[in-house]
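# Notes for the structure review
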Amino acid sequence: MNWIKVLLRRKFIVVYAIIGMVVVSMMFMDTLENQFYPEVTYDTVTVSAEASNVPASDMEENVTVPIEEALSNVEGIQGYESVSTDDLSSITVTLQEEVGDDAYEQLKNTVGEVEGSISTVHDIEISRNTSAQRYEFYMDIHDGDIGTMTTFGETTLKPRLESLQEVKEVRVVGQMERTVMVQLEPEQMNQAGVTYDDVENVLQQQNDNVSIGRSNEEDTPLLTWNTSLQDMEEIENLLIPAENGVVLLSTIADIKVEESRNNQELWRDGDNNYVWVSVGRTNEATQAELTHAVRSELKAIEQEGNIDGFVLDETIVQSDFVENSIGNLQTNVLIGGFLVVLVLFLFLRNVAATVIMAISIPVTVLMTFLLMALFDFSINLISLLGIGIGLGMVVDSSIVIMESIYKKKERGLDDREATIQGTKEVFTPVIASTLTTIMVFLPIGLISGQVGEFAKVIAAVIVFSQLSALIICFTFIPVMSEKWLKVKQKKESSKPSAFFAKIDRYIDWMGQKTRRKVGIVLLFFLVFLASLSLTFFTPVTVLPDFYDRQAEFYVGLEQQTTLEDRERVAESMSQFLSETEDIEGYNTRNFGQNQMYLYVKMTPEEEATVSQNEINSVIHDELQEMSKDHPITASGSVTYPIQISIKGDDLDELRGLADGLGAELADISGIQGITSTFENSRDEQRIVVDRSSAAMDGLTPTDIKDELTLLSTIRETGTIKAEGFSIPVMLSYGKEIQDATSLEEVEINTNNGEKPLSDYITFEEALSPNEIAHEDGERVIQLLGDVDGRDLSEVSDDIYQVVNNYRVEPGYSVEVGGQIADQETTSHEMYLVLLSAILLVFAIMSIQFNSLIHPFVVMSVIPLTLTGVLAGLFVTQTDLNLLSAMGMLILIGIVVNNGILLIDRMKQLRIAGMERYDAMKKACKERYRPIFITFITTVSATIPLAITTGHAGQYQQPMAIALIFGLSFSIFITLMFLPVAYVLFEDIAQKMKDRFYKR
């Protein structure tokens, strides 16, 4: 312990080191970004391939399948899922964690090679998935003329915001869009001898504005060729080459300006007369910087008088939510810190000791922030939660050391000797305790997915705080305690206090007979086994809802719903939402013909009169009631907790299986809104070619397909400038193909002259999916649903029973996914983490004690501590989820540390010659105070997190309640069970040793 002597002689080493560290930490804190949750790069990649005018079935066959076949040969890929829709193929690839980066590079090269062989695709994007959101600032433009709002959004708001360095992109949705539609008239074209290509070439040659050289004279400007179209009249007067010269475009086409709402259907508080604006930030900017920059620009725009005749409102600002949530958590952490200091003063009853501890807490927290900055962590809900939980633990080691110094001074040792001896006495158990706490969190890396990433952040922050606390307790605490800690010399009383007299009698009583010791151990383990039944009555989830007073719902609609149908649904939703208490606003959006999306914003928590869960339940019930009078097939939360995949080859067979299984699942209590991905399909008329008739006239199916493609094609051929807008010019053949009769007037060139196209084709009715999904190259239909009124874990048991009993033909399979599968996977991984943590802790203790018996004694309290956790979760009806499981992990470290302190002191006293039961009594007396103080400080720091109401309680309470109840029960176990287990295990070991030597 020479280093302690050096520090005590050269105290300014510690003083200046602490000051320097504080300064550096505060500088680095400015680099820590505030985020909602940690920004994580996942081991998943999205491959998106885009095409034009390609139906879902063709996208599957010609785009998705070739890419999937190429991906199957890439090493390091764990699996892939795909969805083929009209004009889009989206493939999500899961990489193996250990080779994710290398596999990603190989994947990009492989897809690049395939891209050249897929002629229908004009763009393939490959991106690594992260937790970052594309847009983080949302606004509504409403209560005005749609044209005025469109002009403002497109010509003022969008360019002004995109000019900011913090803004990456601005998306405007719901604005009025204008298009110049040139619809060709086949009859007039035939009379004039004009072809489609003639018109397309002329239109595409417009809008040229290029330099073609200089004139011969010096100092003259460039010669330019400018054929830019400026207005409708110029388009109408375009000259088109014909058989007998040229004709005006207006004589062979119907030219008009069409207005539409950006192909979007939006409703704000029941009114569709508004424009929605989304703003995304650059990688270099933080959420706070984006918000500040956008609001500053909006203020400037308003001061310039540009917001006139309409209202511009902020709807969702991510940084505000982050700031409020983090602010609440910071407040709870500060309150917890104050309670810790108050408790220390009440128990230590020494002003100097309290001041020393009070200084050490913020210094330790600042060191934790420094380590977070060095390892590129951010300040977010998860990391601050780790700090809040670790706050009570950071003083544990310092309390043990100060208490040891305190006792030495009470016995009459001088300041320096008391400091050296007190630190030396507890050096080994403090190091071991810190190592066990750190080892508990090492297996966190075994948890996969987003859940695992969040768990790693909590674990890392707590480890950082423990390492910081270890440095402080062996440097700052001894140096400050030597002179500052004033203690009156106290003679050791031979008569114990009333409390310890009872402990002594208990130890004497249980030591008299072996059956008493066995009985006590059995009683504790029976209580533990009985407590396991509480898991059946405790809610179980994977992660809590992190969103504050906001909710999202999907509404599934019947096939082929019309705009009028969707407007009536939106109006009905508006009616009940406007009458629901504590709802501040809501937005409804259409996603295709068969789905709608509902976003609800509730009043702030401080103004709330109804809980978020109650409002969600009301919305669920109202949507269910609406299904009686509206074409609503399903409704629920956007996250789809129930996801069941049915795999096979034939779509018709898959659909039949999905219908049958869906009907059985709908009968399960607590399940609502069962729908399938195949329901989002449409009726279509498939074209059948009369090959014999076509062959007689020298036509092939390809010839007919090309002609039909031409008839249905709408192409953008240029733009015109008007009122600050760039208006696209679209060219259409002017024929809407509905059935064979609509093609009677359309002729096609054949070897036997021009004949009606209808002579060669017929139509047949069919049902075509809007999307076709694959899992690992195999077709799949998903059943999706929500849970209401029952716990997900209860519903999952019923779902597995139905799925396991549901019979499918060979070649087809049914798998349960979604949150149910995630919950099961996370549970298995947490069991593995707990087992690994226990083995690592056992290894540390066996090295420290140089024994296999004493680690078993200490670790026997771990399962018993879980009794307190389960009781706490059951009594408070708090979710058993990842965060409460993390609380259990922390508990392992704390209760083991208490056991180490007690057993280590017993061992020291016995080595000094003290009899076993006397050593137990003295160790309990000496170590009970620091154990109890660390218990109170940890609980005090955790109480503000546990009593938080509303949204904040969703993610703070599970871990806090697990810790408070678990720690409370652990104190009882440490005093009543651990001494018994110590004696019993030693007696058993001694008997086994005696028998072995007798042989």
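The text that follows walks through the structure, step by step, so that each part is easy to find. Just so it is clear, the structure is predicted and the values come from calculations on it, not from any experiment. Here, residues in each chain are numbered from 1, in the same order as that chain's written sequence. Side-chain atom pairs in this predicted model are given and counted only at pLDDT of 80 or more, local residue features only at pLDDT of at least 70, and totals for whole chains, interfaces and linings cover all residues. By convention in this description, side-chain values take in all heavy atoms of the structure and omit both hydrogens and water.

## Structural notes on the overall build of the protein chain
For clarity, the cut-off: Working definition: helices are DSSP H or I runs of at least four residues, strands are E runs of at least two. Numbering for both runs from the N terminus. When a residue's accessible area, from a 1.4 Å probe over protein chains only, is under 20% of the maximum for its type it is buried; when over 50% it is exposed; and in between it is partly exposed. Residues are treated as being in contact if the distance between any of their heavy atoms lies within 4.5 Å. Under the convention used here, a 1.4 Å probe and the Shrake-Rupley method define accessible areas, while residue burial counts only the protein chains that appear.
Looking only at helices and strands, one finds 30 helices and 30 strands in the protein chain. Counting only residues that meet the buried cut, the protein chain has 53% of its 999 residues in that class. For the protein chain, restricting intrachain contacts to residue pairs at least 6 apart in sequence, the fraction spanning at least 24 positions comes to 79%. When the accessible surface of the protein chain is split by element, carbon and sulfur atoms take 51% of a total near 46200 Å².

## Details of unusual backbone geometry
Here Asp 87, not a glycine, exhibits a phi torsion of approximately 70°, which is positive. Secondary-structure assignment places Asp 87 in the loop between strand E2 (77-85) and strand E3 (88-95). If you check the backbone angles, Asp 582 has positive phi at about 75° while not being a glycine. Within the fold, Asp 582 resides in the loop between helix H18 (563-579) and strand E17 (583-590).

## Looking at the pairing of strand E28 (residues 771-775)
Keep this limit in mind: Following DSSP output, two strands are said to pair if at least two bridges run between them.
The element E28 is extensively covered by neighbouring structure, given that four of its five residues are classed as buried. Of the strand pairs in this sheet, E2 and E28 are connected by five bridges, and their pairing is antiparallel. Residue pairing in the sheet places Ser 84 in a bridge with Ile 772 of E28. Both E28 and strand E29 (residues 778-787) contribute to a ladder of three bridges, which runs antiparallel. Looking across to E29, one finds that Ala 773 is bridged to Val 780. Hairpin connection between E28 and E29: a loop of two residues separates the two successive antiparallel strands, and Asp 776 in this loop has a positive phi of roughly 55°.

## Examining the sheet that holds strand E15 (residues 311-317)
Stated precisely, the cut-off is as follows: Comment: axis = line fitted to C-alpha atoms, over the contacting stretch for helices; angle = value between 0 and 180 degrees taken between N-to-C directions.
The strand order across the open sheet formed by four strands is E6-E14-E5-E15, and the pairing between neighbours is antiparallel. Whereas interior strands pair on both sides, the edge strands pair on one side only; in this sheet they are strand E6 (167-173) and E15. On average, each strand axis in the sheet is tilted by 20° relative to the strand beside it, whichever way the strands run. As paired strands, strand E5 (residues 137-142) and E15 are joined by six bridges and run antiparallel to one another. Within E15, the residue paired with Phe 137 across the bridge is Val 317. Each of E5, E6, strand E14 (274-281) and E15 is contacted by helix H5 (residues 146-162), which is oriented at about 170° to E6, the strand it contacts most. Against the sheet, helix H9 (residues 287-303) touches E5, E6, E14 and E15, its axis set at about 25° to E5.

## Here's the deal with the packing of aromatic side chains
Cut-off, in case you're wondering: Aromatic contacts are taken between Phe, Tyr and Trp rings whose centres are within 6.5 Å, Trp giving its six-membered ring; a plane angle under 30 degrees counts as stacked, one over 60 as edge-to-face, and the others as tilted.
Evaluation of the coordinates by the stated rule reveals 16 aromatic pairs. Relative to Phe 977, the ring of Phe 524 lies with its centre 5.2 Å away and its plane at 65°, an arrangement referred to as edge-to-face. Of this pair, Phe 524 sits in helix H17 (residues 514-531) while Phe 977 sits in the loop between helix H29 (950-976) and helix H30 (978-998), and the two are 453 residues apart along the sequence. Using a relative accessible area of 10% as the deciding quantity, one classes Phe 524 as buried. The class of Phe 977 is buried, set by a relative accessible area of 1%.

## Examining empty space enclosed by the protein
The condition that has to hold: Both site types are read off a 1 Å grid over the protein atoms alone. A 1.4 Å probe that fits but cannot get out defines a cavity, while an open set with protein on both sides within 12 Å along at least five of seven lines defines a pocket; lining residues have an atom within 4 Å of a point. Grid points are joined across faces, edges and corners, and a volume is the space filled by probe spheres set on the points. Any residue outside Ala, Val, Leu, Ile, Met, Phe, Trp, Tyr, Cys, Pro, Asp, Glu, Lys and Arg is labelled polar, Gly included; the first ten of those are nonpolar and the last four are charged.
For the coordinates displayed, the defined rule picks out five cavities of 30 Å³ or more. Considering only enclosed or pocket space, the largest cavity measures out at about 130 Å³ in volume. Lining the largest cavity are 14 residues, with Asp 396, Ser 397, Val 400, Ser 433 and Asn 897 sitting closest to its centre. For the lining of the largest cavity, the element with the highest residue contribution is helix H14 (residues 415-441), accounting for five residues. Grouping the amino acids of the lining of the largest cavity by side-chain chemistry returns five nonpolar, eight polar and one charged.

## Examining the side chain of Glu 829
This is how the line gets drawn: Counted as positive: Lys and Arg. Counted as negative: Asp and Glu. His and the chain ends are not counted at all. For this analysis, a salt bridge means a side-chain nitrogen from Lys or Arg found within 4 Å of a carboxyl oxygen belonging to Asp or Glu.
On the secondary structure map, Glu 829 appears in helix H24 (residues 818-849). With no salt bridge to any partner, buried Glu 829 finds its closest opposite charge in Lys 456, at an N-O distance of 9.2 Å.

## Here we look at the environment of Phe 369
Note on placement: Phe 369 falls in helix H11 (residues 351-374). C-alpha separation for the pair Phe 369 and Met 29, spaced 340 residues apart in sequence, amounts to 6.5 Å. The contacts of Phe 369, once residues within four sequence positions are left out, are Met 29, Leu 32, Ile 379 and Ile 387.

## What about the pattern of salt bridges?
Per the counting criterion, the structure on display carries 28 salt bridges. When the shortest N-O distance is used, the salt bridge between Glu 482 and Lys 11 registers 2.7 Å. Separated by 471 residues along the polypeptide, Glu 482 in helix H15 (residues 449-484) and Lys 11 in helix H2 (residues 11-29) bring together distant segments of the chain. A relative accessible area of 1% means that Glu 482 is categorised as buried. The closest approach of N and O atoms between Asp 43 and Arg 128, which form a salt bridge, is 3.3 Å. With a gap of 85 residues between them, Asp 43 in strand E1 (residues 41-51) and Arg 128 in strand E4 (residues 121-130) connect regions that are remote in the sequence. With a relative accessible area of 22%, Asp 43 lands in the partly exposed category.

## A word on the environment of His 854
For His 854, the position within the fold is in helix H25 (residues 853-859). A sequence separation of 46 residues divides His 854 from Ile 900, and the C-alpha atoms of the two residues are 9.0 Å apart. Those residues in contact with His 854 that sit more than four places away from it in its chain are Phe 849, Ile 903, Lys 907, Tyr 982 and Glu 986.

## Considering the side chain of Asp 697
Within the secondary structure layout, Asp 697 lies in the loop between helix H21 (691-696) and helix H22 (701-712). Sequence-distant contacts of Asp 697, defined by excluding residues within four places in its chain, comprise Thr 750, Asn 751, Asn 752, Lys 755 and Tyr 760.

## A look at H24
Keep this limit in mind: An expected span of 1.5 Å times one less than the residue number is assigned to each helix.
Here H24 is 32 residues long and its end C-alpha atoms lie 46 Å apart, about the 46 Å a rise of 1.5 Å per residue gives. Asn 850 sits one or two residues past H24 and shows a positive phi near 55°.

## Overview of the nonpolar core
For clarity, the cut-off: Side-chain atoms within 4.5 Å are what join buried Ala, Val, Leu, Ile, Met, Phe, Trp, Tyr and Cys residues into a set we call a nonpolar core. An automatic or database domain assignment provides the domain bounds reported here.
Judged by nonpolar contacts, the single largest core of 145 residues is most densely connected at Phe 441, Ile 444, Met 886, Leu 889, Ile 890 and Met 959. Among the elements that take part in this core, H15 stands out by supplying 20 residues, more than any other. No fewer than three residues from each of domain 1 (1-30 + 350-493) and domain 4 (495-537 + 851-998) sit in this core. With near-sequence residues (within four places) excluded, Met 959 lies in contact with Leu 385, Ile 389, Ile 458, Leu 883, Ser 884, Met 886, Gly 887 and Ile 890. Grouped together as the second largest cluster of nonpolar side chains are 35 residues, Leu 229, Ile 255, Leu 711 and Val 729 included.

## Description of the packing of H24 against helix H27 (residues 882-911)
Operational definition: Working definition: roughly parallel below 35 degrees, roughly antiparallel above 145 degrees, roughly perpendicular at 65 to 115 degrees, and oblique for all remaining angles. With the far helix as reference, a near helix turned anticlockwise by less than a right angle produces a left-handed crossing, and one turned clockwise produces a right-handed crossing.
The interhelical angle for the contact between H24 and H27, taken along N-to-C directions, is 15°, at an axis separation of 11 Å. On the basis of the axis angle, H24 is roughly parallel to H27. Judged by the twist between their axes, the crossing of H24 over H27 is right-handed. Note on element contacts: H27 touches H24 through Leu 882, Ala 885, Leu 889, Ile 892, Val 896, Ile 900, Ile 903, Asp 904 and Lys 907, opposite Met 830, Val 833, Leu 834, Ala 837, Val 841, Met 845, Gln 848 and Phe 849. Its residues placed into classes, the contact of H24 with H27 shows 14 nonpolar, one polar and two charged.

## Looking at the layout of surface pockets
The gaps of empty space that remain are located by a probe, the size of a water molecule, rolled over the atoms. Reported here for the second largest pocket is a volume of approximately 1100 Å³. Of all elements in the fold, only helix H23 (792-805), H24, helix H26 (861-876) and H27 reach the threshold of two or more residues within the lining of the second largest pocket. Examining the composition of the lining of the second largest pocket, we find that 10 residues originate from one element, H24, more than from any other. Grouping the amino acids of the lining of the second largest pocket by side-chain chemistry returns 21 nonpolar, 10 polar and four charged.

## Focus: the packing of H27 against helix H28 (residues 916-946)
Describing two packed helices takes the angle between their axes plus the distance from one axis to the other. For the pair H27 and H28, interaxial distance at closest approach is 8 Å and the crossing angle is 150°. Taken together, the axes of H27 and H28 lie roughly antiparallel to each other. By crossing handedness, the relation of H27 to H28 is classed as right-handed. Contacts between H27 and H28 involve Ile 894, Asn 898, Leu 901, Leu 902, Arg 905, Met 906, Leu 909 and Arg 910 from the former and Arg 916, Ala 919, Met 920, Lys 922, Ala 923, Cys 924, Glu 926, Arg 927, Ile 931, Thr 934 and Thr 938 from the latter. Class assignment of the residues belonging to the contact of H27 with H28 gives a composition of 10 nonpolar, three polar and six charged.

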